[in-house]
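Commentary on secondary and tertiary structure
In case you want the letters, here they are:
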Amino acid sequence: MSDIKIRVAIIGLGFGAEFIPIYKKHPHAELVAVCQRNQDKLNEIADAFDIPKRYTSYEELLKDSGIDAVHINTPIPNHGEQSIKALKAGKHVACTVPMATTVEECKQIVELTEDTGLTYMMMETVVYAREFLYMKELYENGELGKVQFLKASHQQDMDGWPNYWPGLPPMHYATHCVGPVLGLTQDEAEYVSCFGSGTIREELIKEYNSPYAVETTHIKFKDSDLSAQVYRSLFDVARQYRESFEVYGSNKSVEWPLIEGKPLVVHTAKKPEPEIPEEVESPDFAKLLPEEIQSFTTKGVYDEDDNTHLSFTQGAGHGGSHPHLVHAFIDALMKGASPYPNARQSANITCVGILSHESAQKGGRLIRLPDFTFTK
């Protein structure tokens, strides 16, 4: 088994280029191809990283029998369609968030994985970020006690972003806050209720007929006494970029800092009041990874000669999650296991956002998640 390698192709070389050296150094992966519509950029990156196969056509790439799995890093509107095509072509799929833009596309992906036995994983960064892994460790060790409530946010100023971003309904890109609240206990959402608040500029409203500056969703967990709250903003809200996740337990609670770069705050019950909160720097979890890719949790993403390449941004990024995502996907394929989040879990997470916006448009009406997302 130690000699087996999963042959991977990366689709999209903007954000996708971040993962090139990680796949190249993973002991059970072989990066055999890349795909990019721009021929010059394709060759520039493939030459820099010595990647043998290069495609400007996604459809042609899918015909290549020498590729076992694709990692899709294309714009949001393409995710559903491209994942469906890959599964129909017999490829395993890792796809950046969100899974798709419609409930129907999510359903198709889930059904295809069931019909084919192929693996799908939504590459949600937050559930592999060091802060989440720290809270997960506390949860699994019983240090939180009984989990009582979860909360998360994702606020970002998207002014100036091109293509489909202007005016995008906040909850249509909600996986960074929905993922962790469902991922800690690996529960599923049963129904949601969402309210829109405030109004964005008129020129933005017309793009999606969505006026809301902020959308706030309550999520009821299935077969659980838990619920969670998530909120999102993209335009016309004064706020530093923030992806936060908080968990409240009977013994300990963990809160995200208000300002990025500050420590987490851990609250411990039954201490003298001034001693309840404690600032804690989240540890790194490179120890969970193969030695060959451990450095990618804390250092910039480099090629095998430690030379930076202009095609991607340096820095650990997303809480050091990138090597954890790669390893979770490759390890699942090696073991014939189910990665987190798998197709059903990814559909549940994604549909929370899609249906939350629909709820907001209906004045907060309760909307149930589709049944197909409930079976684990």
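Fair warning: this is a prediction, and the values are worked out from it, not measured in the lab.

Turning next to the overall build of the chain. Each helix and strand counted, the chain has 10 helices and 15 strands in total. For 376 residues, the compact-globule formula gives about 21 Å, and the C-alpha radius of gyration of the chain, at 20 Å, lands near that figure. In terms of overall dimensions, the chain has a C-alpha envelope of 60 × 45 × 40 Å along the principal axes. Considering the chain as a whole, with its 376 residues, one finds that 56% of them fall into the buried category. As displayed, the chain offers around 16000 Å² of accessible surface, 47% of which is attributable to carbon and sulfur atoms. Averaging the positions of the 36 positive and the 53 negative side-chain charges in the chain gives two centres separated by 3 Å.

Assignment of secondary structure puts Glu105 in helix H5 (residues 103-116). Despite being buried, Glu105 has no salt bridge partner; Lys85 is the closest side chain of opposite charge, sitting 10 Å away. Discounting chain neighbours no more than four positions away, the residues touching Glu105 are Gly80, Glu81, Ile84 and Ala100.

Below, the discussion takes up the pattern of salt bridges. Pairs can form between side chains of opposite charge once their charged atoms are near each other. Across all of its chains, the model carries 20 salt bridges by this definition. Note that Arg201 is salt-bridged to Asp236, the shortest N-O span being 2.4 Å. Of the two residues, Arg201 sits in the loop between strand S8 (189-197) and helix H8 (202-208) while Asp236 sits in the loop between strand S10 (227-233) and strand S11 (242-249), which places them 35 residues apart along the sequence. Its relative accessible area of 37% is what places Asp236 among the partly exposed residues. Residues joined in a network through salt bridges with shared partners are Asp159, Arg201, Glu203 and Asp236.

This part takes up the sheet that holds strand S5 (residues 92-95). Read from one edge to the other, the open sheet built from 6 strands follows the order S3-S2-S1-S4-S5-S6, with strand pairing classed as parallel. Bordering the open sheet on either side are strand S3 (53-55) and strand S6 (120-122), each of which pairs with just one other strand. Along the sheet, successive strands turn relative to each other by an average axial angle of 20°, direction set aside. Strand direction decides the pairing type here: S5 and S6, joined by 3 bridges, are parallel. Within S6, the position partnered with Ala94 by the bridge is Met121. Contacts from helix H4 (residues 79-88) reach strand S4 (69-72), S5 and S6, with the element oriented near 165° to S5.

The tendency in soluble globular proteins is for nonpolar side chains to be buried as a group. In this structure, Tyr23, Leu61, Val70, Leu150, Ile219 and Phe245 are the most contacted members of the largest nonpolar core, which totals 117 residues. Those residues in contact with Leu150 that sit more than four places away from it in its chain are Val181, Leu184, Phe221, Leu226, Ser227, Ala228, Gln229, Phe245, Glu246 and Val247.

As summarised here, the arrangement of the 9 strands in space is S14-S13-S12-S11-S7-S10-S9-S8-S15, forming an open sheet in which the pairing is mixed. At either margin of the open sheet sits one strand with a lone partner, and together these are strand S14 (277-280) and strand S15 (367-368). Judged from the 7 bridges that link them, strand S9 (residues 214-221) and S10 form a sheet pairing that is antiparallel. Within S10, the residue paired with Lys220 across the bridge is Ser227. Strands strand S7 (147-155), S8, S9, S10 and S11 of the sheet are contacted by helix H7 (residues 175-183), whose axis makes an angle of about 165° with S7.

Counting buried residues along strand S13 (residues 264-268), 4 of its 5 residues qualify, which places the element largely inside the surrounding structure. With 4 bridges connecting them, strand S12 (residues 252-255) and S13 associate as antiparallel partners. The partner of Ser253 across the bridge, within S13, is His267. Both S13 and S14 contribute to a ladder of 4 bridges, which runs antiparallel. Its bridge partner lying in S14, Val266 is registered against Glu278.

This part takes up the side chain of Ser282. Mapped onto the fold, Ser282 is located in the loop between S14 and helix H9 (322-335). Within polar-contact distance, the side chain of Ser282 engages the backbone oxygen of Arg130 at 3.1 Å.

We now examine the confidence of the model for the chain. Put simply, the chain has an average pLDDT of 93, and 94% of its residues get 70 or more. Contacts for the low-pLDDT stretch residues 307-316, under 50 throughout, to residues beyond four places or in other chains number 28 contacts.

Bringing H9 into the picture now. Between its first and last C-alpha, H9 extends 20 Å over 14 residues, near the 20 Å set by a 1.5 Å rise per residue. With respect to burial, H9 is a largely interior element, 12 of its 14 residues being buried. If you check which residues of H9 are buried, you get His322, Pro323, His324, Leu325, Val326, His327, Ala328, Phe329, Ile330, Ala332, Leu333 and Met334. Downstream of H9 by a residue or two, Gly336 has a phi angle that is positive, lying close to 65°.

Once that is clear, we can look at unusual backbone geometry. For the bond running from Val97 to Pro98, omega is -10°, close enough to zero to count as cis. Here the bond from Tyr340 into Pro341 is cis, since omega is -5°, no more than 30 degrees from zero. In this structure, Pro341 sits in the loop between H9 and helix H10 (343-361). Unlike most non-glycine residues, Gln186 shows phi in positive territory, near 55°. By secondary structure assignment, the location of Gln186 is in the loop between H7 and S8. Look at Asp236: it is not a glycine, yet its phi comes out positive at around 60°.

Reading the values: rules and limits
- Residues numbered from 1 in each chain as written.
- Predicted model: local features only at pLDDT ≥ 70, side-chain atom pairs only at ≥ 80, totals over all residues.
- Heavy atoms only, no water.
- Helix = DSSP H or I, 4+ residues; strand = E, 2+ residues; numbered from the N terminus.
- Rg over C-alpha atoms; globule rule 2.2 N^0.38 Å.
- Buried < 20%, exposed > 50% of the residue type's maximum accessible area, 1.4 Å probe, protein only.
- Areas by Shrake-Rupley, 256 points an atom, 1.4 Å probe, with all protein chains shown as cover.
- Lys, Arg positive; Asp, Glu negative; His and termini not counted.
- Charge placed at Lys NZ, Arg CZ, Asp CG, Glu CD.
- Salt bridge = Lys/Arg side-chain N within 4 Å of Asp/Glu carboxyl O.
- Contact = heavy atoms within 4.5 Å.
- Pairing = 2+ DSSP bridges.
- Axes fitted to C-alpha atoms, helices over the stretch in contact; angles between N-to-C directions.
- Core = buried A, V, L, I, M, F, W, Y, C linked by side-chain atoms within 4.5 Å.
- Polar contact = N/O pair within 3.5 Å; in protein donor to acceptor, adjacent residues only side chain to side chain.
- pLDDT = per-residue confidence, 0-100.
- Expected span 1.5 Å × (residues − 1).

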